[in-house]
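Breakdown of the fold
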Amino acid sequence: IGEIVELTVSVRPGEVRAGGSAAVEVSGIDRYGNAIPDPPGVSVEITPRIGSLERVEGGWRYRAPERLEAEVVTLTARMGDLRAEAIVRLVPGELAEVKIEPEKIELRAGEEVKLRAKGYDRFGNPVEVSPSWGISPGLGELSGEGDEAVYRAVRAGRETIRAVEGGIYGEVAVTVLPGEPASIELEPEEAVLRSGENLTIRAGGVDRLSLIHISEP
């Protein structure tokens, strides 16, 4: 084995989840093509400084942080004037939580709101989701595609909207109020009174979706 003229660095796996780790191996190559694993005098650094490196038998171990601040880091091995680089891709952990925005909704009948579902791993890193959408008990209309949906309020009451991805779901409560009165209905609709008699009349407002709005004597 001759003098080392080249360095190589490898990372396995090359894609590391938040909080996970990967083995880093550095080898020297002499002019004859012979490999010298873990040669003495080699240093390894991380750019940008995200995560950590620890020396282990036969090489190093890279550990990704729990909260990811970048998508990739570069590991650079140096020995004298020689250097070699390897790219590590940082990815979120498995989906652990789904949230829906906005977190609280209050609408009048006939109004609509846009919704968005967001996924997170157990460390709070964003995870892409494309959930299935549903409502209960079905007082309004919901149309969803991917991580976005539109809810239209129809009948007054309380509604729950749910976004489900891989068994993980998020919910948001919706309060639907009657719309503004579009007409007034009187009860009774007709009456005949004798002189001196009294009659109680009730007035009820009906919105454009035929939901009772108010009722006053």
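Read on for a plain summary of the structure. Since the model is a prediction, treat every value here as computed from it, not as a measurement. (Residues numbered from 1 in each chain as written. Predicted model: local features only at pLDDT ≥ 70, side-chain atom pairs only at ≥ 80, totals over all residues. Heavy atoms only, no water.)

**Topic: the environment of Glu-159**
By secondary structure assignment, the location of Glu-159 is in strand 17 (residues 157–165). Residue class for Glu-159 comes out buried when judged on its relative accessible area of 1%. Sequence separation between Glu-159 and Gly-140 is 19 residues, and the spatial gap between their C-alpha atoms is 8.0 Å. Looking at Glu-159, its side chain comes within polar contact range of the main-chain nitrogen of Gly-138, at 2.8 Å. (Helix = DSSP H or I, 4+ residues; strand = E, 2+ residues; numbered from the N terminus. Buried < 20%, exposed > 50% of the residue type's maximum accessible area, 1.4 Å probe, protein only. Polar contact = N/O pair within 3.5 Å; in protein donor to acceptor, adjacent residues only side chain to side chain.)

**A word on the nonpolar core**
Core analysis: the biggest nonpolar cluster contains 24 residues, and Val-26, Val-42, Tyr-62, Leu-75, Val-88 and Leu-90 have the highest contact counts within it. Of all the secondary structure elements, the ones that give two or more residues to this core are strand 1 (4–12), strand 3 (21–30), strand 5 (43–47), strand 7 (59–63), strand 8 (72–79) and strand 9 (82–91). In this structure Leu-75 touches Val-9, Val-11, Val-24, Val-44, Glu-45, Ile-46, Tyr-62, Ala-84, Glu-85, Ala-86 and Val-88, once residues within four positions along its chain are discounted. Residues Val-113, Val-129, Tyr-151 and Ala-163 belong to the second largest nonpolar core, which totals 18 residues. (Core = buried A, V, L, I, M, F, W, Y, C linked by side-chain atoms within 4.5 Å. Contact = heavy atoms within 4.5 Å.)

**Remarks on the pairing of strand 10 (residues 97–101)**
Taking every second residue as pointing to the same face, the buried face of strand 10 carries Val-98 and Ile-100, while none of Glu-97, Lys-99 and Glu-101 on the other face is buried. Of the pairings in the sheet, the one linking strand 10 to strand 12 (residues 112–120) comprises five bridges and is antiparallel in character. For Val-98, the partnering residue across the bridge sits in strand 12 and is Gly-119. (Pairing = 2+ DSSP bridges.)

**With respect to the sheet that holds strand 17**
Taken together, the four strands give an open sheet; going across it, the order is 11-18-17-14, and neighbouring strands pair in mixed fashion. With partners counted over all chains shown, the strands left at the sheet margins are strand 11 (104–108) and strand 14 (132–136), one partner each. Taking each pair of neighbouring strands and ignoring which way they run, the sheet shows an average axis angle of 25°. Relative to strand 18 (residues 168–177), strand 11 is paired through five bridges, and the arrangement is parallel. Within strand 18, the position partnered with Leu-107 by the bridge is Val-176. (Axes fitted to C-alpha atoms, helices over the stretch in contact; angles between N-to-C directions.)

**Some thoughts on the pattern of salt bridges**
With the rule as written, the count across this model stands at eight salt bridges. Across the salt bridge formed by Arg-78 and Glu-45, the nearest N and O atoms sit 3.3 Å from each other. Placement of Arg-78 in strand 8 and of Glu-45 in strand 5 is noted, with a sequence separation of 33 residues between them. (Salt bridge = Lys/Arg side-chain N within 4 Å of Asp/Glu carboxyl O.)

**Digging into the pairing of strand 3**
Counting buried residues in strand 3 gives seven out of ten residues, a clear majority hidden from the surface. Summarising the sheet, strand 1 and strand 3 pair through eight bridges and their orientation is antiparallel. Paired with Thr-8 across the two strands is Ser-27, which belongs to strand 3. The pairing of strand 3 with strand 7 spans four bridges and is classified as antiparallel. By the bridge assignment, Ala-22 is partnered in strand 7 with Tyr-62. Across three bridges, the pairing between strand 3 and strand 4 (residues 35–37) is antiparallel. Paired with Ile-29 across the two strands is Ala-35, which belongs to strand 4. Counting the residues that bridge the hairpin from strand 3 to strand 4 gives four residues, and of these Gly-33 lies at a positive phi of roughly 90°.

**Quick look at the layout of surface pockets**
The calculated volume of the largest pocket comes to roughly 190 Å³. Forming the walls of the largest pocket are Pro-92, Arg-116, Ala-117, Lys-118, Gly-119, Tyr-120, Pro-126, Val-127, Glu-128, Val-129 and Asp-147. Breaking the lining of the largest pocket down by element, the ones donating at least two residues are strand 12 and strand 13 (126–127). It is strand 12 that provides the largest number of residues to the lining of the largest pocket, a total of five residues. (1 Å grid on protein atoms, 1.4 Å probe; cavity = no way out; pocket = protein on both sides within 12 Å on 5 of 7 lines; lining within 4 Å. Points joined across faces, edges and corners; volume = space filled by probe spheres on them.)

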